[in-house]
Structure formats: C-alpha cells, structure tokens
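# Descriptive structure summary
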2 protein chains.
Amino acid sequence: MSKDDELRLLDFWASPFCMRVKIALSEKGVAYESQQEDLFGGKSDMLLKSNPIYEKVPVLLDNGKPIVESNNIVYYIEDKYPSTNPLLPSCAYGRSRARFWADFIDKKIFEGGMCIWKSKGEELEIAKKDFIEILKKLEGAMGDKDFFGGDNFGYVDVIAIAMTSWFHAYEVFGDFKVEQECPKFGCWMKRCLERESVSSVLPDPEKIYQCVVMLRKMHGIE
Amino acid sequence: MSKDDELRLLDFWASPFCMRVKIALSEKGVAYESQQEDLFGGKSDMLLKSNPIYEKVPVLLDNGKPIVESNNIVYYIEDKYPSTNPLLPSCAYGRSRARFWADFIDKKIFEGGMCIWKSKGEELEIAKKDFIEILKKLEGAMGDKDFFGGDNFGYVDVIAIAMTSWFHAYEVFGDFKVEQECPKFGCWMKRCLERESVSSVLPDPEKIYQCVVMLRKMHGIE
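Keep in mind that what you see is a predicted model, and the values were worked out from it rather than measured. (Residues numbered from 1 in each chain as written. Chains lettered and ligands numbered in written order. Predicted model: local features only at pLDDT ≥ 70, side-chain atom pairs only at ≥ 80, totals over all residues. Heavy atoms only, no water.)

## Some details on the interface of chain B and chain A
As a measure of interface size, the accessible area lost when the parts come together is often cited. Chain B puts 25 residues into the contact, and the matching count from chain A is 25 residues. Of the roughly 2400 Å² buried at the junction of chain B and chain A (both faces included), carbon and sulfur atoms supply 58%. By the criterion of area lost to chain A, the three top residues of chain B are B:Ile53, B:Tyr93 and B:Phe100, representing 26% of everything that side buries. Linking chain B to chain A there are four salt bridges. (Contact = heavy atoms within 4.5 Å. Buried area = accessible area lost by both parts, 1.4 Å probe. Salt bridge = Lys/Arg side-chain N within 4 Å of Asp/Glu carboxyl O.)

## Digging into the packing of aromatic side chains
Residues and elements named next belong to chain A. One pass over the structure, following the stated rule, counts 33 aromatic pairs over all chains. Between phenylalanine 110 and tryptophan 166 the ring centres are 5.1 Å apart and the planes differ by 70 degrees, which places this aromatic pair in the edge-to-face class. Separated by 56 residues along the polypeptide, phenylalanine 110 in helix α4 (residues 92-118) and tryptophan 166 in the loop between α6 (155-163) and α7 (167-174) bring together distant segments of the chain. A centroid spacing of 5.4 Å and a plane angle of 75 degrees characterise the contact between phenylalanine 131 and phenylalanine 167, whose relative ring orientation is edge-to-face. (Phe/Tyr/Trp six-rings, centres within 6.5 Å; stacked < 30°, edge-to-face > 60°. Helix = DSSP H or I, 4+ residues; strand = E, 2+ residues; numbered from the N terminus.)

## Looking at the side chain of A:Asp62
Secondary-structure assignment places A:Asp62 in strand β3 (residues 59-62). Of the polar contacts made by the side chain of A:Asp62, one reaches the side chain of A:Lys80; its length is 2.7 Å. (Polar contact = N/O pair within 3.5 Å; in protein donor to acceptor, adjacent residues only side chain to side chain.)

## Let's talk about the packing of helix α1 (residues 16-28) of chain A against α6(A)
Residues and elements named next belong to chain A. Close contact between α1 and α6 brings their axes to 8 Å; oriented N to C, the two are set at 140 degrees. In terms of their interaxial angle, α1 and α6 are classed as oblique. Relative to α6, the crossing made by α1 is right-handed. Residues Pro16, Phe17, Met19, Arg20, Ile23 and Ala24 of α1 form the contact with α6, whose own contacting residues are Val158, Ile159, Ile161, Ala162 and Met163. For the contact of α1 with α6, a count of residues per class yields 10 nonpolar, no polar and one charged. (Axes fitted to C-alpha atoms, helices over the stretch in contact; angles between N-to-C directions. Parallel < 35°, antiparallel > 145°, perpendicular 65-115°, else oblique. Left-handed = near helix turned anticlockwise from the far one by under 90°. Nonpolar A, V, L, I, M, F, W, Y, C, P; charged D, E, K, R; others polar.)

## Notes on the packing of α4(A) against α7(A)
The description of two packed helices rests on the angle between their axes and on the distance between the axes. All names here are of chain A. Two elements in contact, α4 and α7, have axes separated by 9 Å at closest approach and are oriented at 35 degrees. Like other packed secondary-structure pairs, α4 and α7 cross with a definite hand, here left-handed. Contacts between α4 and α7 pair Ile109, Phe110, Gly113, Ile116 and Trp117 from the former with Phe167, Tyr170, Phe173 and Gly174 from the latter. Residue composition of the contact of α4 with α7, by class: seven nonpolar, two polar and no charged.

## Notes on the side chain of A:Asn72
Within the fold, A:Asn72 resides in helix α3 (residues 70-80). Excluding residues within four positions of it along the chain, A:Asn72 makes contact with A:Ile67, B:Ser96, B:Arg99 and B:Phe100.

## Brief notes about the sheet that holds strand β1 (residues 7-11) of chain B
All names here are of chain B. Overall, mixed pairing links the four strands, which are arranged β2-β1-β3-β4 in an open sheet. Edge strands, defined here as strands with exactly one partner in the open sheet, are β2 (33-36) and β4 (65-68). The mean angle between the axes of side-by-side strands here comes to 25 degrees, regardless of whether they run parallel or antiparallel. Two strands pair when backbone bridges link them, and β1 and β2 are joined in this way by four bridges, in the parallel orientation. Of the residues in β2, the one forming a bridge with arginine 8 is glutamate 33. Strand contacts of helix α1 (residues 16-28): β1 and β3 (59-62), with the helix running at about 155 degrees to β1, the strand carrying the most contacts. (Pairing = 2+ DSSP bridges.)

Right, dumping it as structure tokens:
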C-alpha cells in the first residue's frame, strides 16, 4: 500500500455501520488498518477529533482526512475506486434509486430493530409488525432480481447486508424468523453471505446476540 | 425543451425541500413544469403513486420516472447536468464533505425550527439555544470562505439556503435574530439572496410566517 493509499478505519466489531465500510473496502480489494474503539470504556481522542459532530464510528481516515457517516463513507469508497466491482449503476437515475434505498435502510432498520429488543408485551408485537413491514417494503425494491443492485451485488446490498448481522438477536427477542416472514429477503441474505466480502466481515450472530443481551441489561431490561 | 428533458416537479410553494430542487434546476438553467400539490386538501394520485414510501413532496418526474427525497433529487440534478454551474467539488473527498453537511442540515434544521414554533416558555428557550448551536456548527463548516461550496455557490448552499426561508417565522416565534446570533451565517444568507436562482425561488418571508401561524393553530398552539 503506497503512502497515497493509507486508509485507517476507526472501527467497532459489533457495529453494522462499520461492517458496511469493511464490506465495501473488501469488494474494492483495498487494504486498510482497523483501529478498534472501546465504545463502552471510552472513545479515543482520534475519534472525538475526527468526528466532532457525532463522535461515532465508523470514521475512515484517508491519509488522515476523516470521512464520516457509514453511508457516506461507502459512497466515497465507490467514488474513489469506481473500476473494481462497481457498486453503483452507470445511469444517474439508477444511482438516485440506490441512494434513496440506502437512506431508507438508514432511517428504518436499526431503529426498527432497537424497538424490538427494547420492548415487551404489546409494544413488542407492534415493533415486530413494523419491522416486518419495513423489510417487506425493502424486499419490493429488489423486484425479481437477485440483488438490490440488480444482477450484481451493489451499493444497497452493502448497506443492507451489514444490518442483518443483528437479525438473529431481533429474531430471538421478537420470537420470529425473517426468512419465514420475508422469504425473498431471506434468500437474498443467504446469497450475499456466499460472498467472501460479506462472510469475512459479518461476525458470529451469537456474539452479536450476547452484545444485545448486555445492551438490554445496560438499559435495565429484564 | 425536448421530449428527453420533460421534467415535472410535484411541488408545494412553502416547502423548503421543494425550494432546494427549484434552486438547483434554476442553477442548471433547466426548464421544468411545477405541479402544486394541495397538502392540506388532499394529495394527488400522482404524488401517492410516485412516492409510495413517504407520500411527500418534492418528487421530480424525469420523463415520468420519479426521483424522491429533496437531497437526493438535488444530487441527481447535479449528476445529470454536471457541466453548467457545477455544484459539487471535483475531488471525492470534497464531495464526501458536501454530502455530510447536506445530511447534517437534513437531520437538524427543519426539526430544530419546528421545536421553536411548537414550544413555549422554558421549552422554547432550550429549543432556541439548540437551534443557534446547530447554526454555529454549520457556520464552522464554511471556514473563511464565502460559501459552503468554497468560493462558489454549491451543493450545500442549495440545501441550506432553502431552509432559511422559514427563519423569519422562527425568529418571530423565538424572539431572536439569526444575523445577531450567527453574523457569519447572516452574511452568507444575504450573499446567497443576491443570486437570481435563490431570490426567484424563496417566497416572501411574511407568507411563510402566515403559513406557520396556521400550522400552530392546526396543532392547537395559542
């Protein structure tokens, strides 16, 4: 890696937002250094300095210059390395559709999942129904294609597949199965997991589940 | 306008999100047809059909193909017409910064303003303080340049200046002056208003104020 390509990722293993960046970098075959943040112990000075507005991971440092917000970072990676495994369509309209769905995922999935693991009883039933509704809307965007990117794994696939790393936890706490509720989405998940860029980045679902168990304790649930 | 460039905007005169799109189209010198939606009376079938996820204006129909979410539409306009008055920097890093600040504005300004016109007493004081804090953060992004786009009016300027169309209403209900609290931001607003693309699109602040008076009544405030 030349000095011009010195990429460092301020990272946290359980963050689906960090996973997006790692999947995109892997798709592009770009080497980078991961610097794990201790989000429960205390954020590094580097994180606070490079993302003063949100103080959140991921931050991609490109020769020291910070790029923040995961969606934006993945777009940047595509923008900087467009030739290898292009993630965005070649037409402006296709790109606008990809940005739209990436933004929809950003606004809905993580918060929808949080409503599941934070609630109980009737509230949980509503949260689960809402979450499945979100996935069904998303499923609709795929049409009859294999990927959100059409015939190939693309930008929206990167953005979405990272979020599924928490689904096992949602399923356990919500007592449901994504692949039963949204079979097409379930097939798409399996298809994505066949890619090295995805399988090498997504952690063991059981580890994420244990992380959510800890988060629930921290929030005084159970 | 050739058939290939048939642009129709599902529009609402008081929406700052629609104003963004109109400013961008004006910067590009692209002709379009505005179709006013009656948001209080009932949304058109065309709006419901072309934006089934959010059912909101603006929608830009490019030969019938819908592009939704204002930020995304402005990006699309730049993507489709990059040569005339380029709105984005020529480097990937600059573009990532522009996307970041556009997203920050989207997440903070309109909601921050709504907290002002919806609240009273102590709540109002907090809302006002938070709003000024947001503007100060935004001001910081301009550095010592004339525009968010640097020396030239650019993408973030388009996204931000449209939001200022509601500032007079915030100032009246919050009893403060943006140009006193954030002088640099105030100067930037005046600078933008000198542009034909902006002054021709932004409505009379008094009309927006009357619109907010009506919204307050609808929400049972005062």
